Amino acid sequence: MSDFEYPQGFAFIAGVDEVGRGPLVGAVVTAAVILDPHHPIKGLADSKKLSEKKRVLLAEEIKQKALAWSLGRAEPEEIDELNILHATMLAMQRAVKSLKIQPHFVLVDGNRIPDLPMPAQAVVKGDSKVAEISAASILAKVARDQEMLELDQQFPQYEFAKHKGYPTKVHLEKLAEFGVLPQHRRSFAPVRKILMNNIP
């Protein structure tokens, strides 16, 4: 990791990250992780820069070695109601609240922080600078990808295993062909457009 300067004087520092702001389907998933300084984990990096196999192995190691970890989420209905930014903040609050050890300080990937009961700091590109945020990004990504694989088994015609719900050419074609699922985010433009076109 880089020469990030950790806030001083806090025993438990949690890292928080999200996965799934861009997709047209499914929940936005967040994770919060407090690492154990006595059990370091090698190979932590931004989840997007790791192979799927490596992410899955690291996720297991994080769950075994971290002092505390948890997942948070906001469902498609909440995303449609609140907008994706506010839903992401809500999911982050849920992840922090679910930690079995409440952190004294929270480091959040990106440039915004949710409203939390403890001090927090936003870290731009935190998933490649802060080990705790990298660990959170890996847990969130593995969890959300798993949900997309399950959705793929339910609705194989949409090929969710391939595009993970992101608005790729394939996903947009399948959406146009097979229509909108209950799991789709109705407020996102490509989905909204199809719903409007289908109004008799």
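Residues numbered from 1 in each chain as written. Predicted model: local features only at pLDDT ≥ 70, side-chain atom pairs only at ≥ 80, totals over all residues. Heavy atoms only, no water.

Q: Which residues make up the pattern of salt bridges, and what values do they have?
A: In this structure the tally under the stated criterion is eleven salt bridges. The closest approach of N and O atoms between Asp145 and Arg55, which form a salt bridge, is 3.6 Å. Of this pair, Asp145 sits in helix H4 (residues 131-154) while Arg55 sits in helix H1 (residues 52-65); the two residues are 90 residues apart in sequence, bridging distant segments of the chain. The exposure classification of Asp145 matches that of Arg55, with both residues buried. (Salt bridge = Lys/Arg side-chain N within 4 Å of Asp/Glu carboxyl O. Helix = DSSP H or I, 4+ residues; strand = E, 2+ residues; numbered from the N terminus. Buried < 20%, exposed > 50% of the residue type's maximum accessible area, 1.4 Å probe, protein only.)

Q: Quick one: what's the story with the layout of surface pockets, residue by residue and with numbers?
A: Each pocket or cavity is described by its volume, and for the largest pocket that value is around 310 Å³. As for the largest pocket, its lining consists of 18 residues, of which Leu35, Asp36, Pro37, Ala131 and Glu132 are closest to the centre. Taken together, the residues of the lining of the largest pocket sort by class into 14 nonpolar, two polar and two charged. Top element by residues in the lining of the second largest pocket is strand E1 (residues 13-19). It accounts for three residues. Of the residues assigned to the lining of the second largest pocket, the class counts are two nonpolar, three polar and ten charged. (1 Å grid on protein atoms, 1.4 Å probe; cavity = no way out; pocket = protein on both sides within 12 Å on 5 of 7 lines; lining within 4 Å. Points joined across faces, edges and corners; volume = space filled by probe spheres on them. Nonpolar A, V, L, I, M, F, W, Y, C, P; charged D, E, K, R; others polar.)

Q: Outline the pairing of E1, supporting the account with residue identities and numerical values.
A: Of all seven residues in E1, seven are buried, a share of seventy percent or more. Neither face of E1 is exposed, since Ile13, Gly15, Asp17 and Val19 on one face and Ala14, Val16 and Glu18 on the opposite face are all buried. Where E1 meets strand E4 (residues 105-109), four bridges bridge the pair, whose relative direction is parallel. In the sheet register, Val16 faces E4, and the bridge partner there is Val108. When E1 meets strand E2 (residues 28-34), the two strands line up antiparallel, connected through five bridges. Each bridged residue has a counterpart across the sheet, and for Val19 the counterpart in E2 is Val29. (Pairing = 2+ DSSP bridges.)

Q: How would you sum up the packing of aromatic side chains? Please name residues and give values.
A: In total, this model carries five aromatic pairs according to the counting rule given. The interplanar angle of 80 degrees and the centroid separation of 5.2 Å between the aromatic rings of Phe4 and Tyr6 together place this pair among those described as edge-to-face. In this structure Phe4 comes out as buried when scored by relative accessible area, which is 17%. Here the aromatic residues Phe155, Tyr158, Phe160 and Phe178 are joined through ring pairs into a cluster of three or more. (Phe/Tyr/Trp six-rings, centres within 6.5 Å; stacked < 30°, edge-to-face > 60°.)

Q: So what's going on with the sheet that holds E4? Which residues, and what values?
A: Strand order in the open sheet formed by five strands is E3-E2-E1-E4-E5, and the pairing between neighbours is mixed. The sheet terminates laterally at strand E3 (68-74) and strand E5 (120-123), the two strands that pair on one side only. In this sheet, neighbouring strand axes are inclined to one another by 20 degrees on average, regardless of whether the strands run parallel or antiparallel. Direction of pairing for E4 relative to E5: parallel, over a ladder of four bridges. Bridge pairing in E5 links Leu107 to Gln121. The strands touched by helix H3 (residues 84-98) within the sheet are E1, E2, E3 and E4, with E3 carrying the most contacts at an inclination of about 150 degrees. (Axes fitted to C-alpha atoms, helices over the stretch in contact; angles between N-to-C directions. Contact = heavy atoms within 4.5 Å.)

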